[in-house]
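A closer look at the structure
Listed here are the chains, written in short residue letters.
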Amino acid sequence: MKHLGHLLAKYVAVMVASGTHSSRISRSAKRIAQAYGYDLRLDLALKNLSIMLCDPADPSNHYHELIAVHPAPISLSNNADLSRLSWEVHDTKMPVEDFEAKFNAIIRTPRYKHQAVALMASLASFGLCYLFNGTIWAMLLVFISTYISFNLKSYLTQKQVNNHFVILLTALTASLIASCGAFIDTPTAEVAVATSVLYLVPGVVFISGLIDTLEGFVIIGFSRLVNAVMHTISLALGLLLAITLVHFLV
Amino acid sequence: MESIVFHIVSKALFASVVALGFGLISNPPRRAIWAILLTAFLGYLLRAFMMDALGLSVFSACFCAALLMGCSGLVTGKLTHTPATVIYIPSLLPMIPGMYAYKAIFAYLTFMQNIDFAEKAVYFDQFFTYLSYAVGILICLALGSIIPMFVFTKTANSLTRSKHCVNQ
């Protein structure tokens, strides 16, 4: 029971860190517990969470754990694969050791190659600039600014700089590079600057926070929404700083 | 007529590229990539059609597009054994109201730097207008996309279940 309880605590912590919305986390974890004949109670939060695994036949037989959620980049892959694993455990009643092996294999699956993601994100910004009716110069500027700022963001994150400060610096860098469009013409610069920071918008956190709040997980939902708003404010401050600097210099 | 069709389809194709590129930052599963591309294409196609061909407002177009994306997330999620959110969140990203947000920030900056009260009022009005547009579009996108999940709750909750496991 202790082993399964600890494993479930890790499972829930990984799902929270991956940005999964709370009702899915709760359903998936409870499904696994039930497959092994236990009940599970969860208290979800973004920094720490607690779980209690109970034997329904003997309530005095229970396991409780408070676990820290380690900050990690959003992973939709973990969200999908861990949810899928919960159904697999539920339907096949696999031994706990097999569940542990599959869980470890999922969380150790490597992410997409960093440079490939940087290039695709830059291409996406290029495309977004087209959608905003940007000129070819604006599109090229946005491609370059996204590529450079994306790598800067990864570097600062590796150096464990505060996340909000990382977003501010990244938005500042991206919009300053995009502002070079001011040397071509004003509309080019406007579209380029507006597009250059959009890859930093915390879409997953916003939607998860909203779903949590609507489904009654108000505390964690609001925590997520506040995080997303803080993230967006950092982004807007970086953009504001860049526009002020460019107005001052040009 | 042909030029409008070309315009709408080309925008929808670019929107798919945007969804994939921004989506990769959030590490989606490989098996869901085609679903993200398709969902973004369909959603943006509807949005562009409603705005450019029918002349409807950006709010109703975004809401309907997000609704379609939510439904597409459920259908393609069933095929790929992936939660609908994993598919429709990256697909929504091309519709982020970036230009409105930028214009709101720019109007705020000009409002703060101006000392003439009459001009300040104009920039404040602009700031509030653009901010309302940006927030309104975000709300339409978020609500539109999650409504199908609440309507088809049972389907949404079992998308990741594989028939292969049930039969064992």
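What counts and what doesn't
- Residues numbered from 1 in each chain as written.
- Chains lettered and ligands numbered in written order.
- Predicted model: local features only at pLDDT ≥ 70, side-chain atom pairs only at ≥ 80, totals over all residues.
- Heavy atoms only, no water.
- Helix = DSSP H or I, 4+ residues; strand = E, 2+ residues; numbered from the N terminus.
- Expected span 1.5 Å × (residues − 1).
- Buried < 20%, exposed > 50% of the residue type's maximum accessible area, 1.4 Å probe, protein only.
- Contact = heavy atoms within 4.5 Å.
- Buried area = accessible area lost by both parts, 1.4 Å probe.
- Salt bridge = Lys/Arg side-chain N within 4 Å of Asp/Glu carboxyl O.
- Domains from an automatic or database assignment.
- Polar contact = N/O pair within 3.5 Å; in protein donor to acceptor, adjacent residues only side chain to side chain.
- Core = buried A, V, L, I, M, F, W, Y, C linked by side-chain atoms within 4.5 Å.
- Pairing = 2+ DSSP bridges.
- Patch = residues over 30% accessible without salt bridge, like charges linked within 9 Å, V, L, I, M, F, W, Y side chains within 5 Å.
- Areas by Shrake-Rupley, 256 points an atom, 1.4 Å probe, with all protein chains shown as cover.
- Phe/Tyr/Trp six-rings, centres within 6.5 Å; stacked < 30°, edge-to-face > 60°.
- Arc of directions from axis to C-beta.

**Quick word on helix α1 (residues 2–17) of chain A**
All names here are of chain A.
- Taking 1.5 Å per residue, 16 residues should reach 22 Å; α1 reaches 23 Å between its end C-alpha atoms and fits that length.
- Looking only at α1, the buried set comprises L4, G5, L7, L8, A9, Y11, V12, A13, M15, V16 and A17.
- Just downstream of α1, G19 is the residue with a positive phi angle, here 90°.

**Considerations on the interface of chain A and chain B**
- At the junction of the two partners, chain A supplies 53 residues and chain B supplies 54 residues.
- Carbon and sulfur atoms supply 72% of the area that chain A and chain B bury against each other, a total of about 5,000 Å² over both sides.
- On the chain A side of the contact with chain B, L76, Y112 and L131 of chain A bury the most area, a combined 15% of that side's loss.
- Two residues, D81 of chain A and R31 of chain B, come together in a salt bridge whose shortest N-O distance is 3.0 Å.

**Here we look at the domain arrangement of chain A**
Residues and elements named next belong to chain A.
- Taken domain by domain, chain A holds domain 1 (2–107) and domain 2 (114–249).
- Between the C-alpha centres of domain 1 and domain 2 there is a distance of 33 Å.
- Summed over both sides, the interface between domain 1 and domain 2 buries roughly 920 Å², with carbon and sulfur atoms accounting for 66% of that surface.
- Area buried by domain 1 at its contact with domain 2 is led by H21, S22 and L46, which between them contribute 50% of it.
- Inspection of the region where domain 1 meets domain 2 yields 0 salt bridges.
- Our count for the contact surface shared by domain 1 and domain 2 stands at 5 residue pairs in polar contact (both at pLDDT 80 or more).
- Here the side of domain 1 that touches domain 2 takes 3 residues from helix α2 (residues 22–35), the largest share from any one element.

**Some words on the nonpolar core**
- By size, the foremost hydrophobic cluster in this structure holds 71 residues, and its most contacted members are I207 of chain A together with Y88, L92 and M95 of chain B.
- The contacts of Y88 of chain B, once residues within four sequence positions are left out, are I207 and I211 of chain A together with M69, G70, S145, I146 and M149 of chain B.
- In terms of nonpolar packing, the next biggest core, distinct from the first, is built from 34 residues, I32, L44, V96 and I106 of chain A among them.

**Quick look at the pattern of salt bridges**
Residues and elements named next belong to chain A.
- Counted according to the given criterion, the structure contains 4 salt bridges over all chains.
- Taking the shortest distance from any N to any O, the salt bridge between D212 and R224 comes out at 2.6 Å. Here D212 is found in helix α9 (residues 203–214), whereas its partner R224 is found in helix α10 (residues 218–249), with 12 residues between them in sequence. When sorted by exposure, D212 lands in the same class as R224, which is buried.

**Digging into the pairing of strand β1 (residues 39–43) of chain A**
Residues and elements named next belong to chain A.
- As paired elements, β1 and strand β2 (residues 48–55) share 5 bridges and run antiparallel to each other. Residue pairing for β2: R41 is matched across the bridge by M52.
- Counting the residues in the hairpin turn of β1 and β2 gives 4 residues.

**Some remarks on a nonpolar patch on the surface**
- On the surface, L214 of chain A together with L131, V135, I139, L143, I147, F150, V151 and F152 of chain B cluster together to form a nonpolar patch covering roughly 750 Å² of accessible area.
- At 7 residues, helix α6 (residues 117–151) of chain B tops the list of elements feeding residues into the nonpolar patch.
- Here V151 of chain B is to be found in helix α6.
- A residue is classified by how much of its surface remains accessible, and V151 of chain B, at 56% relative accessible area, is exposed.

**Here we look at the packing of aromatic side chains**
Residue and element names in this part refer to chain B.
- In this structure the tally under the stated criterion is 13 aromatic pairs over all chains.
- Centroid distance Y100 to Y133: 4.9 Å. Interplanar angle 25°. Geometry classified as stacked. In this pair, Y100 sits in helix α5 (residues 98–113) while Y133 sits in helix α6, placing the two residues 33 residues apart along the sequence.
- Classification of Y133 by relative accessible area gives partly exposed; the value is 31%.
- Residues Y102 and F106 carry aromatic rings whose centres are separated by 6.0 Å and whose planes lie at 25° to one another, so their mutual orientation is stacked. Linking Y102 with F106, this pair stays in helix α5, spanning 4 residues, or about one helical turn.
- When its relative accessible area of 6% is taken as the criterion, Y102 is described as buried.

**Notes on helix α4 (residues 96–107) of chain A**
All names here are of chain A.
- With 12 residues, α4 extends 16 Å from end C-alpha to end C-alpha; this agrees with the ideal 16 Å at 1.5 Å per step.
- Those residues of α4 lying buried are V96, F99, F103, N104 and I106. For α4, the arc enclosing every buried residue in end-on projection is 160°, short of the 170-degree limit, so these residues lie on one face.
- Its buried side turned inward, α4 meets α1, α2 and α3 (76–92).

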